[in-house]
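A closer look at the structure
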Amino acid sequence: MKLVISIAGDNLQSPFDARFGRAAAFCLVDSDTGAWTAHANPALEAAGGAGVQAAQFVAGLGARAVVSGAYGPKAYASLSAAGIAMHLAPGNAPRTAADVLAQFQAGALNQAQAATQDGRH
Amino acid sequence: MMKQLIVLSGKGGTGKTSVTAAFAHLAAGGRLAGQVVIADADVDAANLELVLQPQVLETQPFQGGQVAVIDQDTCLVCGGCADVCRFDAIIERDGQYLVDPIACDGCAACVYQCPTESIHMEPQVAGKSYVSESRYGPLYHANLDPGQENSGKLVTLVKQRARLRALDDDRQLVLVDGPPGIGCPVIAAASGADLALIVAEPTAAGVHDMQRVLGTLRHFGVPALVCINKADIYPEGAAAIETSCRADGVATVGRIPFDATVATAMVAGEAVTAFRPAAPASLAIAAVWERVLASLEAPA
Amino acid sequence: MRIVVASGKGGTGKTTVATSLALVGGESVRCLDCDVEAPNAALFLHPVLDRRQEVGIPLPRVDTALCTHCGKCAEVCQYHAIAVLGQTTLVFPELCHGCGSCTRLCPEAAITEHLHVTGVLEGGLTADGLEFARGLLQVGEPMAVPVIRELKRWPPLRRPALEIWDAPPGASCPVVETLRGADFALLVTEPTPFGLHDLKQVVGIARALEIPAGVVVNRDGIGDQGVDAYCADQGLPILLRIPMERRIAEGLARGRSLLETAPDYRPAFQALLAAIQDRVNTEYAP
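The rules we used
Residues numbered from 1 in each chain as written. Chains lettered and ligands numbered in written order. Predicted model: local features only at pLDDT ≥ 70, side-chain atom pairs only at ≥ 80, totals over all residues. Heavy atoms only, no water. Helix = DSSP H or I, 4+ residues; strand = E, 2+ residues; numbered from the N terminus. Buried < 20%, exposed > 50% of the residue type's maximum accessible area, 1.4 Å probe, protein only. Polar contact = N/O pair within 3.5 Å; in protein donor to acceptor, adjacent residues only side chain to side chain. Contact = heavy atoms within 4.5 Å. Domains from an automatic or database assignment. Buried area = accessible area lost by both parts, 1.4 Å probe. Salt bridge = Lys/Arg side-chain N within 4 Å of Asp/Glu carboxyl O. Nonpolar A, V, L, I, M, F, W, Y, C, P; charged D, E, K, R; others polar. Pairing = 2+ DSSP bridges. Axes fitted to C-alpha atoms, helices over the stretch in contact; angles between N-to-C directions.

**Some words on the side chain of histidine 197 of chain C**
- Take histidine 197 of chain C: it is sitting in helix H7 (residues 193-208).
- Residue histidine 197 of chain C is classed as buried on the basis of its relative accessible area of 15%.
- At a separation of 3.1 Å, a polar atom in the side chain of histidine 197 of chain C contacts the side chain of asparagine 47 of chain B.
- Once you skip the residues sitting within four places of it in the chain, histidine 197 of chain C turns out to touch Ala45, Ala46, Asn47, Glu49, Leu50 and Asn143 of chain B.

Next comes the structure, spelled out in structure tokens:
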């Protein structure tokens, strides 16, 4: 399955970025084969609506699931509409995208049931 | 656990910045010494730096919105751009269509309708953001160029950097000096705050605006406390604020008397509590600070 | 003649000066409170607000029967206020600026616009017969500018000879929107470092808009000489000084206008108005 992890860097060993709309980049990983590519987040400089823009970008990558630390209401609505599952990894402990991938594969990450933060502006 | 405290008022000029500067001073000398990151979220009237006298370590240009630019060489002067613009930003002058960059909202409606593709969008540098070291801790601040829009975006940027710094250094408190009003910059500044302190004025205007900003905070689920500045100018007004807050279930955490020392300290470029700790306003602000701290530290 | 009263820093006395000018301006005055986030002028002018109009921005509505999810609307929207994800087209009202691009460019004509109310205009006459109107941004709505724009477009009850527009504090887009089309910017400041810092910001805007400006120093005597030095250096005329007086502060706190508390200021405001008139006339003289 194609999975997107929000990261602060440009590869699978980059630190996990707990923000979604304002993440520096996204790591697209095939959770079955481990093959990955990194993609700069086009929403990083957006004036507003970063969550919406990032969600559209992630959907365009063909992701079926995403792991981040929090989802604003607009990102949540957008990802839900695209049928993309939203998983949560806590942002307080330093870890790499590879660590997050391992946790995802182990089924250790909960799914977000609602927007987890007020994402306005 | 890191907390965010924002100081707001609704009405401008009630003393937000003087109170915030005093809080920064009190925090640096108290049990939060070395634990505070300060952010000035009033980016179109950024005054905290005048008191905290920061040494700027890092300056970054701030990309604001984009504006339309018309290529006069290929323009057919058809006027279609002016017709679709809803911001009155395209002006005809001497047989040419020109973009008023101040009025332009960056929507690009003109770009999409231009039959000769003579219009493109250009990003604008709209201000600067700074990372500084101030006498009371790291300060994140910014200056919006006069007349620019997007102060919500710049506010978010300043706050986000301050927050990340607090997380990186494991600091306990982000102290945010907020903008006046209730619109975009206030919403941006207050989002994610754990507590808001409203500096109200016991005037007809101050009470009215305090109620509007309380409404905004309720809307976004940010708990609020109220302190009353220049309370003795109109004691009946101060009492009315306390009654109104009680009815709304909002705690009031003190009255600060009118005190000329506040202006004198500002002129001297110092927090009033540092400038003259025994002044009536200083003592009152120190008492407010203790109550705010207790409220921040109380389990939710 | 259209005079904007602005300040940069909040709480310097914009509304006090604006309402005083309106009160000495005679019957053909219209006063607009453009501080739609924190409108206070009505507290001092006591108008009977019997006109009311809802305002906002035109928001797209997508007809799901016609939408093919082609994504054109999302592509053209610079604010990411409309998004196409799978078989769903989502509209985010808080992000929309009402530019109309999505509606205009939808190949299926599947989008129509409806008014999303973000504020209200209120207007009426005061006991003295002067016309007053204000805008009120709805709590929780981010964008003040559209409300200010509609307030300024609201047809007056009668053609005013003199317009006084009370600006919001700060120096960003709402202040610019208020200043557009003004003949004179009257900048109210206080003689402190904060007042000076923010005065400079708003002087920058007035210059960019090529609007002549003058200064009122309020609470004169509380601070330092910085504002005076700056004004002298920049050739900005100081048109009025109002000393710090406790009776004025107390009167304002009670909701009494400056002229109610201190009628002795009436000649000073009449002179201020005449001075502005002179400057505007000189500005436009051939």
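On we go.
**Some points on the domain arrangement of chain B**
Residue and element names in this part refer to chain B.
- Split by domain assignment, chain B resolves into domain 1 (3-53 + 135-297) and domain 2 (64-125).
- Between the C-alpha centres of domain 1 and domain 2 there is a distance of 41 Å.
- Contacts between the two partners involve 5 residues from domain 1 and, on the opposite side, 6 residues from domain 2.
- Roughly 400 Å² of surface becomes buried between domain 1 and domain 2 when both sides are summed, with 22% attributable to carbon and sulfur atoms.
- At the junction of domain 1 and domain 2, the tally comes to 0 salt bridges.
- For the pair domain 1 and domain 2, the interface holds 0 residue pairs in polar contact (both at pLDDT 80 or more).
- For the side of domain 1 that touches domain 2, the per-class residue count stands at no nonpolar, 2 polar and 3 charged.

**Side note on the interface of chain C and chain B**
- Contact residues are listed per partner, giving 60 residues for chain C and 61 residues for chain B.
- For the chain C and chain B pair, buried surface summed over both sides reaches about 4900 Å², with 58% attributable to carbon and sulfur atoms.
- Our enumeration of links across chain C and chain B arrives at 5 salt bridges.
- Glutamate 236 of chain B is the salt-bridge partner of arginine 254 of chain C, the closest N and O atoms lying 3.5 Å from each other.
- For the side of chain C that touches chain B, the secondary-structure elements that each account for two or more residues are helix H3 (72-76), helix H4 (101-105), strand S7 (131-137), helix H5 (145-153), helix H6 (173-179), H7 and helix H9 (246-253) of chain C.

**So, the sheet that holds strand S2 (residues 29-33) of chain C**
All names here are of chain C.
- The strand order S3-S6-S7-S2-S8-S1-S9-S10-S11 describes an open sheet built from 9 strands, whose pairing is mixed. With partners counted over all chains shown, the strands left at the sheet margins are strand S3 (48-62) and strand S11 (238-243), one partner each. With direction set aside, neighbouring strand axes in the sheet form an average angle of 20°.
- The pairing of strand S9 (residues 184-189) with strand S10 (residues 213-220) spans 5 bridges and is classified as parallel. Note that in S10 the partner of threonine 189 across the bridge is valine 217.

**Here we look at the pattern of salt bridges**
- All told, the structure shown has 28 salt bridges over all chains when counted by the stated rule.
- In this structure, aspartate 88 of chain B engages arginine 153 of chain C in a salt bridge whose closest nitrogen and oxygen atoms are separated by 3.1 Å. Of this pair, aspartate 88 of chain B sits in the loop between helix H3 (80-84) and strand S4 (90-93) while arginine 153 of chain C sits in helix H5, each in a different chain.
- Here aspartate 88 of chain B falls in the partly exposed class, since its relative accessible area comes to 42%.
- The class for arginine 153 of chain C is partly exposed, based on a relative accessible area of 42%.
- Among the ionic pairs, aspartate 228 of chain C bridges to arginine 241 of chain C, the shortest N-O distance being 2.6 Å. Placement of the pair is aspartate 228 of chain C in helix H8 (residues 226-234) and arginine 241 of chain C in strand S11, with a sequence separation of 13 residues.
- Residue classification places arginine 241 of chain C among the partly exposed positions, given a relative accessible area of 36%.
- In this structure, a network of salt bridges that share partners links the residues Glu133, Arg165, Asp169 and Arg171 of chain B.

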